[in-house]
Amino acid sequence: MNIHEYQGKAVLKEFGLPVSKGRAIFSPDEAEAAARELGGPLWVVKSQIHAGGRGKGKFKEAAAGEKGGVRLAKSVEEVKEFARQMLGNTLVTLQTGPAGKQVNRLYIEEGSDIASEFYLSLLVDRETGRVAFVISTEGGMDIEQVAHDAPEKILTFAVDPATGVMPHHGRVVAKALGLTGDLAKEATDVISRLYTAFLAKDMSMLEINPLIVTKDGHLRVLDAKISFDSNALYRHRDIVELRDLTEEDEKEIEASKYDLAYIALDGTIGCMVNGAGLAMATLDIIKLYGEEPANFLDVGGGATEEKVTAAFKIITADPQVKGILVNIFGGIMKCDVIAKGVIAAVKAVGLQVPLVVRLEGTNVELGKQIIRESGLNVIPADDLDDAAQKIVGAVKKAA
Ligand code: ADP
Ligand code: MG
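Residues numbered from 1 in each chain as written. Chains lettered and ligands numbered in written order. Predicted model: local features only at pLDDT ≥ 70, side-chain atom pairs only at ≥ 80, totals over all residues. Heavy atoms only, no water.

Draft legend 1. Summary view of the coordination of the magnesium ion (ligand 2). Bound to the magnesium ion (ligand 2) on the protein side are N209 (O) and D223 (OD), at distances that span 2.1 Å. Taken together, the residues N209 in strand β11 (residues 203–214) and D223 in the loop between β12 (219–221) and β13 (225–228) connect sequence positions 14 residues apart. (Donors = N, O, S within 2.8 Å, 3.2 Å for Na, K, Ca; no water. Helix = DSSP H or I, 4+ residues; strand = E, 2+ residues; numbered from the N terminus.)

Draft legend 2. Broad picture of the sheet that holds strand β1 (residues 22–25). The antiparallel open sheet is built from four strands, whose spatial order is β1-β7-β2-β4. Two strands lie at the open edges of the sheet, namely β1 and β4 (70–73), each paired on one side alone. Across the sheet, the mean angle separating the axes of adjacent strands is 20 degrees when strand polarity is ignored. Here strand β2 (residues 43–47) pairs with β4 via four bridges, running antiparallel. Pairing of W43 across the sheet is with A73, part of β4. Against the sheet, helix α1 (residues 5–14) touches β1, β2 and β7 (106–110), its axis set at about 50 degrees to β7. (Pairing = 2+ DSSP bridges. Axes fitted to C-alpha atoms, helices over the stretch in contact; angles between N-to-C directions. Contact = heavy atoms within 4.5 Å.)

Draft legend 3. Geometry of the UniProt feature "binding site: ATP" (unreviewed entry) in the chain. The sites that UniProt annotates as "binding site: ATP" (unreviewed entry) are K46, G53, R54, G55, E109, S112 and E117. One can find E109 in strand β7. What makes E109 buried here is its relative accessible area of 2%. In this view, E109 contacts E5, K9, S20, K21, G22, L38, L42, W43, V44, K46 and L222; residues no more than four positions away in its chain are not counted. Position of S112 among the secondary structure elements: in the loop between β7 and β8 (114–125). In this structure S112 comes out as buried when scored by relative accessible area, which is 18%. Look past the residues within four positions of S112 in its chain and what remains in contact with it is S20, L42, I212, R220 and L222. (UniProt positions renumbered as here; feature names shortened; annotations may be inferred. Buried < 20%, exposed > 50% of the residue type's maximum accessible area, 1.4 Å probe, protein only.)

Draft legend 4. Region of interest: the UniProt feature "binding site: substrate" (unreviewed entry) in the chain. When the UniProt feature table is mapped to this numbering, "binding site: substrate" (unreviewed entry) covers N274, G331, I332 and M333. These annotated residues cover 60 residues of sequence, and their C-alpha atoms all fall within 10.0 Å of one another, placing them together at a single site. Relative to the assigned elements, N274 resides in the loop between β15 (269–273) and α9 (276–288). Assessed through its relative accessible area of 10%, N274 is described here as buried. Once you skip the residues sitting within four places of it in the chain, N274 turns out to touch D298, V299, G300, N327, I328, F329 and M333. Of note is the side chain of N274, whose polar atom sits 2.9 Å from the backbone oxygen of F329. Turning to its location among the elements, G331 is positioned in the loop between β17 (323–330) and α11 (335–349). Residue G331 is classed as partly exposed on the basis of its relative accessible area of 41%. (Polar contact = N/O pair within 3.5 Å; in protein donor to acceptor, adjacent residues only side chain to side chain.)

Structure below.
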C-alpha cells in the first residue's frame, strides 16, 4: 500500500525526523488559508499523487500552466493561483504513464533554502534478507539514470537486524555524502530514525529524494515516498486509514474485498489461476506464445464459489480483456468448485470473449462434466501448453 508525500512526512515526524511545516488542502481557498498560516516568505505547492517525478511532470490541460507538479510560490496570491491551476487537472510524470493522474489534493509546504540535495532510500533486500540503505550525492535527479550512467555514485549497505543501525553506518553515510562535524552527527541520527520507522511501520520501501542540506546547515527530509507491506497492514490501523482509494486500480480494490491476489497488467488475456507460482508460469507461457496477460490473479488455495465468481467478474469487467484463461491445478482447491464459480459468473455477466479452461487435479472429472453440461461455449484444454496456445490462438483469430 502506498501513501501520499504529506502523510509519509507525518509518519516520519512521529519518529523525530526533520520535516518542513505544511498543510494538505483540497481547494484554492484552503490553499490561501494554509499559505497565510505558514507565513512564507517562500512556499512550495506540491501535487499529491501516488507517483514520483512530479517536479518534472507536465499537466495535460493548458489551463494548468507550463510549470510542473511542484511549484515554488513567492506570495499567498501565487499559492492560491497555483492551487486553482493544478487542482482537478491531470499530471503526467515518468511514473504515472501517459494517462497521468488527476491531482485532487495539494500539499502547501514552507520553502527551504537548499544547499545540496541527496538521495536516500531503504528497502528490503531479498538477497541478504536485510533492510538495505541506498545513498547517493546525486539527489533530486532521476536516480535510475544515475544508476545507469554513474553506478559508482550510488552506495548501498545492508543492516544486520541483530544490531540495527550502528555508529559505523553513520560514518559511512556521512563520508559518502561529504558531511562533517554536526552534519555528520545529524546524518547518523537521521538514518537511525529512518531505520526505526521502517521496521516499526512494516514498510517495504522508504525513499527520501531529496534529503537536503539547508543553507543554514541542517538535514531535512524534503520528499517522502513510502510503501507498506500489505501483509502486515492488519497491525497498523493508523496506516490503513491513510489509504486513498482514488489512487488505486478499481479492479484491485474490488479484488482486495474478496482477499484475491490480483494485479492489473497491460495485456489482453485475463487469467484466473490458483497458486502464485502457477499464476506466474501462466503469465510466462502466454508471453511465450505471443500475447500479453491482462492481469495476475491467484484465487488462493481454498477459494469458495463466491470468490471464484467475484474473480471472474473482475476479469471480465476489464475492457482490455480479449480472452480468458482459467488454469486450475486442483489440490485443496477443487475443480468442481472452480467450474461452478465460472458458470455462475458467466450466467451473471455474460461471456463476450473466448474462454479456455484447463482443469487438473482434485475432482477434475466432476469439474469438466459440470462445464460440459452447462452448455457454455468453453474451450477445454488438456495441459498448460495446450491451454496457452488455444487462448492465444482464439484471441488472435478474433482480432
Ligand atoms: P518529485 O520527486 O515528485 O519531483 P519532490 O518533492 O522531490 O517531488 O520535489 C521536486 C523538487 O522540488 C525537489 O528536488 C526540490 O528541489 C524542490 N522542492 C520540493 N519541496 C521543496 C521545499 N519544501 N522547498 C524548496 N524546494 C522544494
Ligand atoms: Mg522527489
